[in-house]
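# Geometric and topological summary
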Amino acid sequence: MGTLILITGGARSGKSAYALARAEAVSTDRYFLATCPVTDAEMGQRIDRHRREREGRGWVSCEEETALAARIAARAGPGVVLVDCLTLWVNNLLFQAERHGEVFDEPAMRQEIGRLLAAASSYPGTVVLVSNEVGMGIVPDNQLARHYRDLVGTGNRLIAAAADEVVLVSCGLPLFLKQARPGGM
C-alpha cells in the first residue's frame, strides 16, 4: 500500500512547482500524468513550457485526459506518480460526457474518484495529485460553471479524506493541512 498526497491551491499559486519538487524528493522512478488537452496555441505553449521544466529531471511523461485510474493501475512501482491536474481531468470528463450525450453528475464524479482512489491505494509507491482550490472565490454566474466548481470541490474533499498528506500552496508557500503520522495514528 502506497502513499497518497493531495496538493491544492489557487491558479498560479506554485502548487505544480511544489508538487514536482515534493515528488522528486520521494523517488528517482518518476511518472508524470498530464491531463491538459491542447485547446489552442496559447495552451500548447503552456504545455511545452511545462514539459521543458521536467526535462533532464528523470520524468517519464504521459498525456492522459480521462483514464487516470487505469494509467496508475498499469504502472509498476514503487516510485512516484504525479498527476497534474485534477481540475482539468474533471473538465475533460464533463466534455467527454457531453460529447456522448450523457450527464456527468455528482454520482458519476464519486464513481470516478472511487476508481482513482482504488488505483492510488493499490499502487506500491507514492501518488501525488494536484488540484485547484476552486471554491474560495465568488459563486459563478452560470449553471455549468457552478456544476463544475461543485464537482471539483466534491472530488477534492473525497481525495483529501483518503489522502495521507494534504498541502495547500498559497503564494508559493506550502501549508500542511494534513500530515501522515508515524505508525498511522
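My aim in this report is to walk through the structure given alongside it, one point at a time. (Residues numbered from 1 in each chain as written. Predicted model: local features only at pLDDT ≥ 70, side-chain atom pairs only at ≥ 80, totals over all residues. Heavy atoms only, no water.)

### A few points about the nonpolar core
The test is simple: What is meant by a nonpolar core is a set of buried Ala, Val, Leu, Ile, Met, Phe, Trp, Tyr and Cys residues, joined one to another through side-chain atoms within 4.5 Å. Each residue is assigned to one of three classes by its accessible area relative to the maximum for its type, calculated with a 1.4 Å probe on protein chains only: buried under 20%, partly exposed between the two thresholds, exposed over 50%. Labels follow the DSSP assignment, with helices taken as runs of H or I lasting at least four residues and strands as runs of E lasting at least two, numbered in each case from the N terminus. Contact between two residues is taken to exist if any of their heavy atoms lie within 4.5 Å; hydrogens are not considered.
Core analysis: the biggest nonpolar cluster contains 33 residues, and I72, W89, L129 and I159 have the highest contact counts within it. At the level of elements, β1 (3-9), β2 (30-34), α3 (68-74), β4 (80-84), α4 (86-99), α5 (106-122), β5 (126-132) and α6 (143-162) are the ones that each hand at least two residues to this core. For this core, the leading source of residues is α5, giving seven residues. The contacts of I72, once residues within four sequence positions are left out, are L33, V81, V83, L116, A119, A120, Y123 and V127.

### Some thoughts on helix α1 (residues 15-26)
Let me state the cut-off plainly: To estimate how far a helix should extend, the number of its residues minus one is multiplied by 1.5 Å.
The end-to-end C-alpha distance of α1 is 16 Å, a good match for the 16 Å that twelve residues give at a rise of 1.5 Å each. The complete set of buried residues in α1 reads K15, Y18, A19, L20, A23 and E24.

### Structural notes on unusual backbone geometry
Along the chain, D84 connects to C85 via a cis peptide bond; the corresponding omega equals 5°. Inspection of the secondary structure puts C85 in the loop between β4 and α4. For R12, which is not glycine, the phi dihedral falls at a positive 60°. Structurally, the position occupied by R12 is in the loop between β1 and α1.

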